[in-house]
Amino acid sequence: MPITKPAYKRILLKLSGEALMGDDQFGINRNTIVRIVGEVAEVTRLGVEVAVVIGGGNIFRGVAGGSVGMDRATADYMGMLATVMNSLALGDTMNKAGLTARVMSAIAIEQVVEPYVRPKALQYLEEGKVVIFAAGTGNPFFTTDTAAALRGAEIGAEIVLKATKVDGVYTADPKKDSSATRYSKITFDEAMSKNLGIMDATAFALCRDQKLPVKVFSIFKHGALKRVVMGEDEGTLVYA
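Residues numbered from 1 in each chain as written. Predicted model: local features only at pLDDT ≥ 70, side-chain atom pairs only at ≥ 80, totals over all residues. Heavy atoms only, no water.

**Let's talk about the packing of aromatic side chains**
Just so we agree on the cut-off: Aromatic rings from Phe, Tyr and Trp, with only the six-membered ring used for Trp, were paired whenever their centres fell within 6.5 Å, and each pair was classed as stacked if the ring planes differed by under 30 degrees, edge-to-face if by over 60, and tilted otherwise. The numbering of helices and of strands both runs from the N terminus, where a helix is a DSSP run of H or I of at least 4 residues and a strand a run of E of at least 2. The buried label goes to any residue with under 20% of its type's maximum accessible area, the exposed label to any with over 50%, and the partly exposed label to all in between, with areas taken from a 1.4 Å probe on protein chains only.
Within the structure shown, the criterion is met by two aromatic pairs. With a centroid separation of 5.4 Å and an interplanar angle of 90°, the aromatic rings of Y116 and F133 are classed as edge-to-face. Here F133 lies in strand β5 (residues 130-134) and Y116 lies in the loop between β4 (114-115) and α4 (118-126), a separation of 17 residues in the sequence. F133 carries the same exposure label as Y116, and that label is buried. With a centroid separation of 5.0 Å and 75° between ring planes, the pair formed by F188 and F204 is classed as edge-to-face. Of this pair, F188 sits in helix α6 (residues 188-193) while F204 sits in helix α7 (residues 201-209), and the two are 16 residues apart along the sequence.

**Let's talk about the pattern of salt bridges**
Counted only if it meets this: We count a salt bridge whenever a side-chain nitrogen from Lys or Arg sits within 4 Å of a carboxyl oxygen from Asp or Glu.
Tallied over the entire structure, the rule returns 16 salt bridges. In this structure, D92 engages K96 in a salt bridge whose closest nitrogen and oxygen atoms are separated by 2.9 Å. You can see D92 and its partner K96 sitting in helix α3 (residues 72-96), four residues apart, about one turn around the helix. The exposure class of D92 is partly exposed, given its relative accessible area of 36%. Given the relative accessible area of 60%, K96 is considered exposed. When the shortest N-O distance is used, the salt bridge between D209 and R208 registers 3.9 Å. Through salt bridges with shared partners, one network takes in D167, K221, R227 and E234.

**A few points about the environment of L12**
Here is the rule: Pairs of residues are marked as contacts when any of their non-hydrogen atoms sit within 4.5 Å.
Examined against the element boundaries, L12 turns out to sit in strand β1 (residues 10-15). Sequence-wise, L12 and Y124 are 112 residues apart; in three dimensions their C-alpha atoms are separated by 14 Å. The residues touching L12, leaving out its near neighbours within four places in the chain, are A51, V52, V53, F133, A148, R151, G152, I155, A157, I159, V160 and L161.

**With respect to the pairing of β1**
Each regular strand shows side chains that alternate between the opposite faces of the sheet. Operational definition: A right-handed crossover is one whose linking path, passing over the helix from the first strand to the second, runs clockwise when the strands point away from the viewer. Strands pair, by our definition, only if DSSP identifies at least two bridges between them.
Counting buried residues in β1 gives six out of six residues, a clear majority hidden from the surface. Covered by surrounding structure in β1 are R10, L12 and K14 together with I11, L13 and L15, the residues of both alternating faces. Each parallel crossover has a hand, and for β1 linked through helix α1 (residues 30-44) to strand β2 (residues 49-54) it is right-handed. Here five bridges tie β1 to strand β6 (residues 159-164), and the two strands are oriented parallel to one another. Along β6, the bridge assignment pairs I11 with I159.

**A word on the packing of helix α5 (residues 144-154) against α7**
Formally: Axis definition: a line fitted to C-alpha atoms, limited for helices to the stretch in contact. Angles are taken between N-to-C directions and run from 0 to 180 degrees. Here is the rule for angles: anything less than 35 degrees is roughly parallel, anything more than 145 is roughly antiparallel, 65 through 115 is roughly perpendicular, and the remaining ranges are oblique. A crossing counts as left-handed when the near helix is turned anticlockwise from the far one by less than a right angle, and as right-handed when that turn is clockwise. Here the term charged refers only to Asp, Glu, Lys and Arg, the term nonpolar to Ala, Val, Leu, Ile, Met, Phe, Trp, Tyr, Cys and Pro, and the term polar to all other amino acids, Gly among them.
Contact geometry of α5 with α7 gives a least axis separation of 8 Å together with a crossing angle of 15°. The orientation of α5 with respect to α7, classified from their angle, is roughly parallel. In this structure, α5 crosses over α7, and the sense of that crossing is left-handed. Taken together, the residues of α7 that come into contact with α5 (itself represented by D145, T146, A149 and L150) are T202, A203, L206 and C207. A per-class count over the contact of α5 with α7 returns five nonpolar, two polar and one charged.

So this is what it looks like as structure tokens:
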């Protein structure tokens with residue numbers, strides 16, 4: 001029998017900033033962001049509550065040369081501001097596509113976005129709004145992967161969906177090794193012992209401790225997000 005009901009009620013989608021570039025060198029590719037929003041809209045129509053954490057690599061990598069020799073904390077704050085820019089672009093595109101998006105920032109910039117307040121975020125999700133968490137955790141030395149794990153745990157998401165350029169976790173680099181095979185599922189401990197580099201260690205440990213599964217999939221495969229949400233064999237499931 002075909003699956004008709006989503007496997008998850010509430011998800012945390014982690015997008016890299018690079019996902020928004022498309023084939024461009026940096027910045028935001030209009031067609032790419034519209035396509036990604038279309039995939040998210042399809043999932044929300046199934047009644048799934050969606051929260052998003054987005055990176056800033058597409059913007060900050062472009063100015064990263066200027067951060068050479070810069071204080072690490074300063075560079076990290078620049079990266080956080082880049083995620084705010086991406087979040088605004090994503091939210092605007094979602095609103096134009098008929099969704100209702102709310103951007104919440106871990107850094108206070110009240111004139112631009114509202115601050116992150118957990119009860120408010122939960123309220124928005126229950127109302128069917130898409131919540132976009134900007135500015136990472138608000139702290140330097142933590143990646144947006146860690147922000148995704150943290151926010152996912154805070155809002156009671158059932159899974160963190162890590163959208164990447166590859167359609168899962170492989171035994172080896174599939175571009176270099178034609179015999180590489182995709183893991184359908186793997187435990188956190190196995191992934192750590194094999195040093196598969198799925199997320200940074202802090203994010204990974206947090207997900208493992210909170211028993212928050214992670215699904216790695218390709219955001220560039222049409223319909224992949226919906227297939228993941230429906231519980232189909234798409235990408236790689238990492239579980240405790």
